[in-house]
Amino acid sequence: MMNPDTENTDSIDQGFFGHPKGLRTLFFTELWERMSYYGMRGLLVLYMTVGVTGNPGLDWSNAEANAIYGIYAGMVYFLALPGGWLADNLLGYQRAVLFGALIIMLGHFTLAIPLEQTFILGLILVAAGTGLLKPNISSIVGQLYSTNDDRRDSGFTIFYMSINIGSMLGFAVCGWLGEKVGWHWGFGAAGIGMFFGVMQYLNFRHLLGEAGNKPNDMPQAQRDSYIKWSKITAGLMVVVIGLGLLGIITVEPKVFAENFAIFL
(Lines give C-alpha, C1' and ligand atoms only; values in the text may rest on other atoms or scores of the structure.)
Protein backbone atom coordinates (compact mmCIF):
# COMPACT_ATOMS: atom_id res chain seq x y z
CA MET A 1 0.00 0.00 0.00
CA MET A 2 1.38 3.44 -0.98
CA ASN A 3 2.42 5.76 1.81
CA PRO A 4 0.05 8.83 1.83
CA ASP A 5 3.00 11.19 2.26
CA THR A 6 4.74 9.70 -0.77
CA GLU A 7 1.57 9.89 -2.81
CA ASN A 8 1.12 13.57 -1.92
CA THR A 9 4.74 14.35 -2.82
CA ASP A 10 4.40 12.59 -6.18
CA SER A 11 1.24 14.55 -7.01
CA ILE A 12 3.11 17.81 -6.40
CA ASP A 13 6.24 16.71 -8.20
CA GLN A 14 4.40 15.39 -11.27
CA GLY A 15 1.36 17.65 -11.51
CA PHE A 16 2.00 19.28 -14.92
CA PHE A 17 2.50 16.80 -17.78
CA GLY A 18 4.57 14.66 -15.44
CA HIS A 19 6.59 17.67 -14.26
CA PRO A 20 6.56 19.71 -11.03
CA LYS A 21 3.38 21.74 -10.56
CA GLY A 22 5.47 24.88 -10.29
CA LEU A 23 6.23 24.57 -14.00
CA ARG A 24 2.58 25.42 -14.67
CA THR A 25 2.96 28.70 -12.77
CA LEU A 26 6.04 29.65 -14.79
CA PHE A 27 4.54 28.42 -18.07
CA PHE A 28 1.51 30.72 -17.89
CA THR A 29 3.49 33.64 -16.48
CA GLU A 30 5.88 33.41 -19.43
CA LEU A 31 2.99 32.91 -21.87
CA TRP A 32 1.26 36.14 -20.85
CA GLU A 33 4.53 38.06 -20.62
CA ARG A 34 5.52 37.02 -24.15
CA MET A 35 1.99 37.79 -25.37
CA SER A 36 2.33 41.34 -24.06
CA TYR A 37 5.93 41.75 -25.21
CA TYR A 38 5.58 40.55 -28.79
CA GLY A 39 2.11 42.02 -29.18
CA MET A 40 3.37 45.45 -28.23
CA ARG A 41 6.66 45.14 -30.11
CA GLY A 42 4.85 44.35 -33.36
CA LEU A 43 3.10 47.73 -33.18
CA LEU A 44 6.05 49.94 -32.32
CA VAL A 45 7.53 50.97 -35.67
CA LEU A 46 4.13 51.31 -37.34
CA TYR A 47 2.88 53.50 -34.51
CA MET A 48 6.02 55.67 -34.48
CA THR A 49 5.91 56.32 -38.23
CA VAL A 50 2.92 57.05 -40.45
CA GLY A 51 0.68 54.33 -39.04
CA VAL A 52 -2.04 53.01 -41.34
CA THR A 53 -4.98 54.61 -43.11
CA GLY A 54 -7.37 56.14 -40.61
CA ASN A 55 -5.06 55.26 -37.71
CA PRO A 56 -2.14 57.72 -37.71
CA GLY A 57 0.92 57.29 -35.55
CA LEU A 58 3.50 59.71 -34.20
CA ASP A 59 4.68 60.62 -37.71
CA TRP A 60 8.36 60.23 -36.88
CA SER A 61 10.90 59.42 -39.56
CA ASN A 62 11.75 55.80 -40.35
CA ALA A 63 15.36 56.38 -39.23
CA GLU A 64 14.29 57.77 -35.85
CA ALA A 65 11.65 55.08 -35.32
CA ASN A 66 14.04 52.26 -36.13
CA ALA A 67 16.71 53.80 -33.91
CA ILE A 68 14.31 53.90 -30.95
CA TYR A 69 13.19 50.35 -31.71
CA GLY A 70 16.81 49.19 -31.79
CA ILE A 71 17.65 50.97 -28.54
CA TYR A 72 14.59 49.46 -26.86
CA ALA A 73 15.38 45.93 -28.05
CA GLY A 74 19.02 46.31 -27.03
CA MET A 75 18.13 47.60 -23.57
CA VAL A 76 15.76 44.67 -23.01
CA TYR A 77 18.72 42.28 -23.30
CA PHE A 78 21.24 44.58 -21.59
CA LEU A 79 19.04 45.04 -18.51
CA ALA A 80 18.96 41.27 -18.01
CA LEU A 81 22.46 41.67 -16.52
CA PRO A 82 21.52 43.97 -13.60
CA GLY A 83 18.20 42.11 -13.35
CA GLY A 84 20.01 38.83 -12.80
CA TRP A 85 22.45 40.45 -10.36
CA LEU A 86 19.61 41.88 -8.27
CA ALA A 87 17.89 38.49 -8.15
CA ASP A 88 21.11 36.68 -7.20
CA ASN A 89 22.16 39.06 -4.46
CA LEU A 90 19.15 40.95 -3.13
CA LEU A 91 15.71 39.80 -4.24
CA GLY A 92 15.74 36.11 -5.04
CA TYR A 93 14.35 34.89 -8.36
CA GLN A 94 10.71 34.66 -7.29
CA ARG A 95 10.45 38.27 -6.13
CA ALA A 96 12.44 39.49 -9.12
CA VAL A 97 9.92 37.83 -11.45
CA LEU A 98 7.00 39.34 -9.54
CA PHE A 99 8.47 42.85 -9.51
CA GLY A 100 9.38 42.54 -13.17
CA ALA A 101 5.87 41.45 -14.12
CA LEU A 102 4.32 44.36 -12.22
CA ILE A 103 6.67 46.88 -13.89
CA ILE A 104 5.95 45.41 -17.34
CA MET A 105 2.20 45.66 -16.73
CA LEU A 106 2.57 49.28 -15.62
CA GLY A 107 4.68 49.97 -18.72
CA HIS A 108 2.07 48.63 -21.13
CA PHE A 109 -0.72 50.61 -19.48
CA THR A 110 1.52 53.69 -19.68
CA LEU A 111 1.96 53.06 -23.41
CA ALA A 112 -1.82 53.01 -23.72
CA ILE A 113 -1.93 56.71 -22.71
CA PRO A 114 -1.85 58.72 -25.98
CA LEU A 115 1.04 61.07 -25.16
CA GLU A 116 4.58 61.15 -26.56
CA GLN A 117 6.14 61.40 -23.07
CA THR A 118 4.19 58.43 -21.75
CA PHE A 119 5.19 56.44 -24.83
CA ILE A 120 8.89 56.78 -24.01
CA LEU A 121 8.26 56.17 -20.29
CA GLY A 122 6.26 53.06 -21.14
CA LEU A 123 9.13 51.65 -23.21
CA ILE A 124 11.54 52.30 -20.34
CA LEU A 125 9.28 50.50 -17.88
CA VAL A 126 8.73 47.49 -20.15
CA ALA A 127 12.48 47.18 -20.79
CA ALA A 128 13.28 47.45 -17.06
CA GLY A 129 10.61 44.93 -16.08
CA THR A 130 11.70 42.48 -18.76
CA GLY A 131 15.26 42.75 -17.47
CA LEU A 132 14.02 41.56 -14.09
CA LEU A 133 11.63 38.88 -15.29
CA LYS A 134 13.17 37.29 -18.36
CA PRO A 135 16.49 35.89 -17.06
CA ASN A 136 15.17 34.91 -13.65
CA ILE A 137 12.06 32.98 -14.61
CA SER A 138 14.22 30.53 -16.57
CA SER A 139 16.47 30.13 -13.53
CA ILE A 140 13.48 29.08 -11.43
CA VAL A 141 12.60 26.43 -14.04
CA GLY A 142 16.00 24.84 -13.54
CA GLN A 143 15.66 24.91 -9.76
CA LEU A 144 12.38 22.98 -9.85
CA TYR A 145 14.43 19.84 -10.58
CA SER A 146 17.11 18.04 -8.65
CA THR A 147 20.59 17.89 -10.11
CA ASN A 148 20.16 14.39 -11.57
CA ASP A 149 16.53 14.72 -12.69
CA ASP A 150 16.39 13.66 -16.35
CA ARG A 151 13.12 15.56 -16.83
CA ARG A 152 14.87 18.94 -16.79
CA ASP A 153 15.51 19.16 -20.54
CA SER A 154 11.93 18.25 -21.41
CA GLY A 155 10.75 20.69 -18.73
CA PHE A 156 12.56 23.52 -20.49
CA THR A 157 11.05 22.38 -23.79
CA ILE A 158 7.55 22.63 -22.32
CA PHE A 159 8.42 26.02 -20.81
CA TYR A 160 9.68 27.37 -24.14
CA MET A 161 6.43 26.31 -25.79
CA SER A 162 4.81 29.09 -23.78
CA ILE A 163 6.95 31.62 -25.66
CA ASN A 164 5.62 30.44 -29.03
CA ILE A 165 2.01 30.33 -27.84
CA GLY A 166 2.27 33.75 -26.19
CA SER A 167 3.91 35.40 -29.20
CA MET A 168 1.24 34.09 -31.58
CA LEU A 169 -1.50 35.27 -29.22
CA GLY A 170 0.13 38.69 -28.91
CA PHE A 171 0.50 39.24 -32.65
CA ALA A 172 -3.10 38.12 -33.21
CA VAL A 173 -4.80 40.11 -30.44
CA CYS A 174 -2.63 43.21 -29.98
CA GLY A 175 -1.78 43.43 -33.66
CA TRP A 176 -5.42 43.32 -34.76
CA LEU A 177 -6.59 45.81 -32.14
CA GLY A 178 -3.66 48.14 -32.81
CA GLU A 179 -4.15 48.30 -36.57
CA LYS A 180 -7.93 48.00 -36.84
CA VAL A 181 -9.18 49.81 -33.74
CA GLY A 182 -6.39 52.04 -32.43
CA TRP A 183 -2.74 51.78 -31.49
CA HIS A 184 -3.39 52.43 -27.81
CA TRP A 185 -6.02 49.70 -27.74
CA GLY A 186 -3.27 47.32 -28.81
CA PHE A 187 -0.93 48.59 -26.08
CA GLY A 188 -3.75 48.34 -23.56
CA ALA A 189 -4.46 44.74 -24.59
CA ALA A 190 -0.80 43.95 -23.91
CA GLY A 191 -1.25 45.43 -20.43
CA ILE A 192 -4.34 43.32 -19.81
CA GLY A 193 -2.43 40.22 -20.92
CA MET A 194 0.33 41.03 -18.44
CA PHE A 195 -2.31 41.61 -15.77
CA PHE A 196 -3.51 38.02 -16.31
CA GLY A 197 0.10 36.88 -15.96
CA VAL A 198 0.55 38.75 -12.68
CA MET A 199 -2.70 37.43 -11.23
CA GLN A 200 -2.00 33.80 -12.01
CA TYR A 201 1.58 34.15 -10.70
CA LEU A 202 0.29 35.54 -7.41
CA ASN A 203 -2.35 32.82 -7.12
CA PHE A 204 -0.06 29.89 -7.95
CA ARG A 205 3.33 31.11 -6.77
CA HIS A 206 3.08 28.77 -3.78
CA LEU A 207 3.54 25.82 -6.16
CA LEU A 208 7.14 26.92 -6.71
CA GLY A 209 8.06 26.04 -3.14
CA GLU A 210 11.55 27.24 -2.27
CA ALA A 211 12.83 27.21 -5.86
CA GLY A 212 14.53 30.57 -6.37
CA ASN A 213 12.88 32.01 -3.27
CA LYS A 214 15.99 33.41 -1.57
CA PRO A 215 19.05 35.30 -2.80
CA ASN A 216 22.59 34.02 -2.38
CA ASP A 217 23.99 33.73 1.13
CA MET A 218 26.44 36.46 2.07
CA PRO A 219 27.51 38.48 5.12
CA GLN A 220 24.87 41.01 6.17
CA ALA A 221 27.36 43.88 5.88
CA GLN A 222 27.97 42.98 2.23
CA ARG A 223 24.23 42.76 1.54
CA ASP A 224 23.66 46.14 3.21
CA SER A 225 26.33 47.64 0.98
CA TYR A 226 24.71 46.17 -2.11
CA ILE A 227 21.32 47.54 -1.03
CA LYS A 228 22.76 51.03 -0.45
CA TRP A 229 24.47 51.25 -3.84
CA SER A 230 21.46 49.75 -5.61
CA LYS A 231 19.24 52.48 -4.13
CA ILE A 232 21.71 55.17 -5.17
CA THR A 233 21.89 53.78 -8.71
CA ALA A 234 18.11 53.51 -8.97
CA GLY A 235 17.73 57.08 -7.71
CA LEU A 236 20.19 58.42 -10.28
CA MET A 237 18.37 56.53 -13.03
CA VAL A 238 15.03 58.03 -11.98
CA VAL A 239 16.55 61.53 -12.02
CA VAL A 240 18.11 61.07 -15.47
CA ILE A 241 14.92 59.58 -16.92
CA GLY A 242 12.85 62.39 -15.39
CA LEU A 243 15.14 65.06 -16.84
CA GLY A 244 14.92 63.37 -20.22
CA LEU A 245 11.12 63.21 -20.18
CA LEU A 246 10.99 66.92 -19.21
CA GLY A 247 13.25 67.79 -22.14
CA ILE A 248 16.08 69.10 -19.96
CA ILE A 249 18.35 66.32 -21.22
CA THR A 250 18.07 65.43 -24.89
CA VAL A 251 19.45 62.40 -26.70
CA GLU A 252 19.48 61.98 -30.46
CA PRO A 253 18.13 58.42 -30.94
CA LYS A 254 19.93 57.77 -34.24
CA VAL A 255 23.32 58.84 -32.82
CA PHE A 256 22.81 56.81 -29.64
CA ALA A 257 21.76 53.73 -31.62
CA GLU A 258 24.84 54.01 -33.85
CA ASN A 259 27.06 54.14 -30.75
CA PHE A 260 25.16 51.56 -28.70
CA ALA A 261 28.18 49.26 -28.63
CA ILE A 262 30.19 51.97 -26.89
CA PHE A 263 27.41 52.33 -24.30
CA LEU A 264 27.51 48.57 -23.64
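Because the structure is predicted, anything quoted here is derived from the model rather than measured.

## So, the pattern of salt bridges
Phase 1: If you walk through the whole model with that rule in mind, you get four salt bridges.
Phase 2: Where Glu 33 meets Arg 34, a salt bridge forms, and the shortest distance between an N and an O atom there is 2.6 Å.
Phase 3: Between Glu 258 and Lys 254 there is a salt bridge; the shortest N-O distance is 2.7 Å. Of the two residues, Glu 258 and Lys 254 are both situated in helix α10 (residues 253-258); the distance of four residues between them amounts to about one turn of the helix.
Phase 4: Classification of Lys 254 as partly exposed rests on a relative accessible area of 39%.

## Some details on the nonpolar core
Nonpolar side chains tend to gather and get buried jointly when the protein is soluble and globular.
Phase 1: The biggest cluster of nonpolar side chains holds 30 residues, and the ones touching the most others in it are Leu 23, Leu 26, Ile 140, Val 141 and Leu 144.
Phase 2: At the level of elements, α2 (22-48), α4 (80-91), α5 (93-111), α6 (116-143), α7 (152-181) and α8 (183-204) are the ones that each hand at least two residues to this core.
Phase 3: Residue contributions to this core peak at seven residues, all from α5.
Phase 4: By size, the runner-up hydrophobic cluster in this structure holds 29 residues, among which are Tyr 37, Leu 43, Met 48 and Leu 177.

## Section: unusual backbone geometry
Phase 1: The phi dihedral of Asp 59 is positive, around 65 degrees, even though this residue is not glycine.
Phase 2: Tracing the backbone shows Asp 59 in the loop between α2 and α3 (62-78).

## A word on the side chain of His 108
Phase 1: Here His 108 shows up in helix α5.
Phase 2: Here His 108 falls in the buried class, since its relative accessible area comes to 0%.
Phase 3: Contact partners of His 108, with chain neighbours within four places excluded, come to Ser 36, Tyr 37, Met 40, Val 126, Phe 187, Ala 190, Gly 191 and Met 194.

## Some remarks on the confidence of the model for the protein chain
Phase 1: Across the protein chain, the average pLDDT comes to 87, with 92% of residues at 70 or higher.
Phase 2: Confidence, read as mean pLDDT per element, is least for helix α1 (residues 4-13) in the protein chain (44) and greatest for α5 (95).
Phase 3: Residue range residues 1-11 is modelled with pLDDT below 50. Its contacts to residues more than four positions away, or to other chains, number two contacts.

Calculation notes
- Residues numbered from 1 in each chain as written.
- Predicted model: local features only at pLDDT ≥ 70, side-chain atom pairs only at ≥ 80, totals over all residues.
- Heavy atoms only, no water.
- Salt bridge = Lys/Arg side-chain N within 4 Å of Asp/Glu carboxyl O.
- Helix = DSSP H or I, 4+ residues; strand = E, 2+ residues; numbered from the N terminus.
- Buried < 20%, exposed > 50% of the residue type's maximum accessible area, 1.4 Å probe, protein only.
- Core = buried A, V, L, I, M, F, W, Y, C linked by side-chain atoms within 4.5 Å.
- Contact = heavy atoms within 4.5 Å.
- pLDDT = per-residue confidence, 0-100.

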